[in-house]
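# Examining the three-dimensional arrangement
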Amino acid sequence: MRKKTNMNISRLLLLVFTVILPLAAQTTSKTPAVTKQTDPLAVHNAAIVIDTHADTTQRMLDDDYDLTDALKGGYVNFESARKGNLGAEFFSIWVDPKAYTGHDAHRTLELIDAVYQQAAKHPQQMRMAYSPEDIVAAHREHKLAALMGVEGGHSIENSLGLLRDYYRLGVRYMTLTWSNSNGWADSSGDIDDSAVPHTKDGLSDFGKDVVYEMNRLGMMVDISHVSDKTFYRTLIISRAPVIASHSAARALCNSPRNMDDNMLRAVGQYGGVVMVNFYSSFLSEEYRLAAKAQEPVIKQAVADAEAKLKEDGKPIPNELAEDIGKTYMAKIPRPPFSVLIDHIDHIAKIAGIDHVGLGSDFDGIPSSPEGMDSAADLPKITQALMARGYSAEDMNKILGGNFLRVFAQVQEVSLQLQSETRPRITEKQPFDKK
């Protein structure tokens with residue numbers, strides 16, 4: 001079992017709840033009155049709301065999108081964040097492995113720079129954050145805390161040096177895989193593809209070194225997207241609690257990207273947190289099957305569009321397939337808002353109330369449930385969950401408190417490991433005589 005190092009974590013949580021829970025005293029009236037503890041909007045607006053995954057970064061870099069602009073079909077800007085009381089956003093650093101083959105690190109660095117450029121342009125509305133304390137400080141300053149997570153271990157190009165560089169630049173979690181296996185960790189996206197090489201145990205020796213180095217640095221290990229085998233191997237190897245930055249419950253929607261109940265329980269038992277994805281295909285089984293039926297049609301439409309561009313001597317935009325996919329997905333009716341609440345509720349019951357949060361996947365998904373049209377709609381989650389019996393304390397955990405606790409624990413483990421010396425698994429061990 002891991003040692004409990006709760007002194008600094010307790011201090012941080014005390015600070016957090018001092019900031020976000022100035023709740024009114026109980027009324028002595030015989031008629032129950034609405035208080036700051038029972039009014040969903042008051043509870044939501046008092047909380048530090050943290051979303052651990054948004055792909056808005058690509059819009060910033062590729063479309064010259066500014067967070068002061070209108071949404072233009074997107075989900076996140078300063079106005080929507082303010083209306084939804086979004087206090088901290090993890091901007092996803094995702095590199096398309098096909099479009100940028102051989103240039104993963106270059107693209108990664110450009111995306112990181114795009115986040116810094118927004119913070120530099122708008123210091124009164126946004127500040128870079130690297131720790132739980134920074135998130136709390138941004139909340140006090142009424143600014144959006146901007147953090148970064150690398151989505152897909154292929155971005156490190158099999159280099160622990162690059163991993164350390166990304167941490168120095170502010171990256172605070174890395175998803176071990178995206179939809180592609182990378183040679184040292186396996187993805188749920190291609191685990192059934194016999195043409196793709198996979199590891200024997202879910203992580204290669206180098207993959208185990210990656211997880212250990214992330215623990216040592218204080219970078220959260222993200223198990224969204226990974227195969228089930230990689231999930232369990234990572235849980236065993238990691239010295240710190242893990243996160244799922246944007247996943248949902250497989251019991252409610254049978255996508256391989258989702259986590260089954262045994263996985264949810266395991267995350268809870270090991271102290272981690274599952275941040276719920278807002279994508280319709282991960283929330284609604286009916287929508288997922290309808291979307292799957294569209295895949296051959298979309299594939300043919302993309303092929304036809306590419307052929308036409310080549311015939312005309314025009315370049316093929318990187319976003320072509322995504323844009324065509326969105327057009328077709330828009331034809332499928334969106335599921336009701338309640339499916340999102342069902343997933344949060346299910347995970348809270350299976351993993352535990354201390355192990356669930358929000359990981360929207362804003363600006364990276366072609367469809368979200370009805371009523372979830374931007375970050376401005378986040379208060380609806382608090383309202384719906386409190387209608388199901390969740391308390392103000394429960395909501396503060398779900399909206400951000402659970403994630404802050406895990407973030408702090410990861411940093412505690414980092415301090416422990418930095419005082420140790422451990423040879424990498426991929427190096428010769430002291431007992432290896434060969």
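Thresholds applied
Within every chain, residues take consecutive numbers counted from 1 along the sequence as written. The model is predicted, so local features are restricted to residues of pLDDT at least 70 and side-chain atom pairs to those at 80 or more, both for listing and for counting; the totals for chains, interfaces and linings are taken over all residues. Only hydrogens and water are set aside; all other atoms, that is, all heavy atoms of the structure, feed into the side-chain values. Each residue gets one of three labels from its accessible area relative to the maximum for its type: buried under 20%, exposed over 50%, partly exposed in between, using a 1.4 Å probe on protein chains only. Helix and strand assignments come from DSSP, with helices taken as H or I runs of at least 4 residues and strands as E runs of at least 2, each series counted from the N terminus. Seen with the strands pointing away from the viewer, any crossover whose path from the first strand over the helix to the second strand runs clockwise is right-handed. Here an angle of 0 to 180 degrees is reported between the N-to-C directions of two axes, which are lines fitted to C-alpha atoms, with helices fitted over the stretch in contact. Angle categories: roughly parallel below 35 degrees, roughly antiparallel above 145, roughly perpendicular from 65 to 115, and oblique for all the rest. Crossings are classed by handedness, with left-handed meaning an anticlockwise turn of the near helix from the far one by less than a right angle and right-handed meaning a clockwise turn. The contact criterion used throughout is that any non-hydrogen atoms of two residues lie within 4.5 Å. The residue classification treats Ala, Val, Leu, Ile, Met, Phe, Trp, Tyr, Cys and Pro as nonpolar and Asp, Glu, Lys and Arg as charged. All others, Gly included, are polar. The residues that make up patches have over 30% relative accessible area and no salt bridge, and they are joined within 9 Å when like-charged or within 5 Å when they are Val, Leu, Ile, Met, Phe, Trp or Tyr. Surface exposure here means Shrake-Rupley accessible area, sampled with a 1.4 Å probe, where a residue is shielded only by the protein chains that are shown. Any carboxyl oxygen of Asp or Glu that lies within 4 Å of a side-chain nitrogen of Lys or Arg is treated as forming a salt bridge with it. Only four residue types enter the tally: Lys and Arg on the positive side, Asp and Glu on the negative side; His and the chain ends are excluded. Every charge is mapped onto a representative atom, which is NZ of Lys, CZ of Arg, CG of Asp or CD of Glu. Whether two aromatic rings pair depends on their centres lying within 6.5 Å, for rings of Phe, Tyr and Trp, where Trp uses its six-membered ring; planes under 30 degrees apart make the pair stacked, over 60 edge-to-face, and the rest tilted. Note on scores: pLDDT gives the predictor's confidence for each residue, bounded by 0 and 100. Here a polar contact is recorded for every N or O atom pair within 3.5 Å, except that within protein the pair must consist of a potential hydrogen donor and a potential acceptor, and residues adjacent in sequence are included only if both atoms are side-chain atoms. Cavities and pockets are defined on a 1 Å grid built over the protein atoms alone: a cavity is a set of grid points where a 1.4 Å probe fits but cannot escape, while a pocket is an open set with protein on both sides within 12 Å along at least five of seven lines, and lining residues are those with an atom within 4 Å of any such point. Grid points are joined across faces, edges and corners, and a volume is the space filled by probe spheres set on the points.

In this section: the pairing of strand β7 (residues 243-247). Each regular strand shows side chains that alternate between the opposite faces of the sheet. With 5 of 5 residues buried, β7 is to be regarded as a mostly interior element. In this fold, β7 hands off to helix α10 (residues 261-269), which returns the chain to strand β8 (residues 273-276); that crossover is right-handed.

With that out of the way, let us pick up unusual backbone geometry. With a phi close to 55 degrees, Asp64 is a non-glycine residue in the positive phi region. Turning to its location among the elements, Asp64 is positioned in the loop between α3 (56-62) and α4 (78-83). Asp64 sits in the exposed class, given a relative accessible area of 65%. Although it is not a glycine, Asp361 adopts a positive phi angle of roughly 70 degrees. Inspection of the secondary structure puts Asp361 in the loop between β9 (356-358) and α15 (379-387).

The next point concerns the packing of helix α7 (residues 160-168) against helix α8 (residues 205-217). Their axes nearest at 11 Å, the elements α7 and α8 cross at an angle of 25 degrees. In terms of orientation, α7 and α8 fall into the roughly parallel class. The two elements α7 and α8 cross, and the hand of that crossing is right-handed. Across from Leu160, Leu163, Arg164 and Tyr167 in α7, the residues of α8 making contact are Phe206, Asp209, Val210, Glu213, Met214, Arg216 and Leu217. When grouped by side-chain class, the residues that make up the contact of α7 with α8 number 7 nonpolar, no polar and 4 charged.

Here we take up a negative patch on the surface. The grouping of Asp63, Asp64, Glu319 and Asp323 at the surface amounts to a negative patch. Within the element layout of this structure, Glu319 appears in the loop between α12 (285-311) and α13 (320-329).

Now for the environment of Glu322. The topology assignment puts Glu322 in helix α13. Residue classification places Glu322 among the partly exposed residues on the basis of a relative accessible area of 36%. Sequence spacing of Glu322 and Val302 is 20 residues, and the spatial spacing of their C-alpha atoms is 9.2 Å.

It is worth spelling out helix α6 (residues 132-140) at this point. What α6 keeps buried is the set Pro132, Asp134, Ile135, Val136, Ala138 and His139. Positive backbone phi, at 60 degrees, marks His142, one or two positions downstream of α6.

The next point concerns the pattern of salt bridges. The full count for this structure, using the stated rule, is 21 salt bridges. Between Glu79 and Lys83 there is a salt bridge, with its nearest N and O atoms 3.1 Å apart. Placement of the pair is Glu79 and Lys83 together in helix α4, with a separation of 4 residues, close to one helical turn. On the basis of relative accessible area, Lys83 is assigned to the exposed category, the value being 53%. Between Asp342 and Arg388 there is a salt bridge whose closest N-O contact spans 2.8 Å. In this pair, Asp342 is assigned in helix α14 (residues 338-350) and Arg388 in the loop between α15 and α16 (392-418), connecting sequence segments 46 residues apart.

Attention now moves to the packing of aromatic side chains. For the coordinates displayed, the defined rule picks out 9 aromatic pairs. For the ring pair Trp94 and Trp178, a centre distance of 4.9 Å and an interplane angle of 55 degrees mean the geometry is tilted. Taken as a pair, Trp94 in strand β2 (residues 86-94) and Trp178 in the loop between β5 (171-175) and α8 lie far apart in primary sequence, 84 residues in all. When the ring of Phe278 is compared with that of Phe362, the centres are 5.5 Å apart and the planes differ by 85 degrees; the resulting orientation is edge-to-face. In this pair, Phe278 is assigned in the loop between β8 and α11 (280-283) and Phe362 in the loop between β9 and α15, connecting sequence segments 84 residues apart.

Fine structural detail should not be taken from predicted coordinates in areas where pLDDT scores are low. Looking at the protein chain as a whole, its pLDDT mean stands at 92, while 91% of the residues score no less than 70. In this model residues 1-5 is a low-confidence stretch, pLDDT under 50, and it forms 8 contacts with partners more than four residues away in sequence or in other chains. Counting interchain partners and residues more than four positions distant, the pLDDT-below-50 stretch residues 22-29 has 9 contacts.

Locating Thr52 in the fold gives a position in strand β1 (residues 49-54). Residue class for Thr52 comes out buried when judged on its relative accessible area of 0%. A polar atom in the side chain of Thr52 sits 2.8 Å from the backbone oxygen of Ser245. Those residues in contact with Thr52, other than ones at most four positions away along the chain, are Glu89, Phe90, Tyr173, Ser245, Met275, Leu358, Gly359 and Phe403.

Counted by the stated rule, this structure contains 1 cavity of 30 Å³ or more. One number sums up the size of the largest cavity: a volume of about 70 Å³. Around the largest cavity, the lining comprises 14 residues; the ones closest to its centre are Ile223, His225, Val226, Arg257 and Met259. Taken together, the residues of the lining of the largest cavity sort by class into 6 nonpolar, 5 polar and 3 charged.

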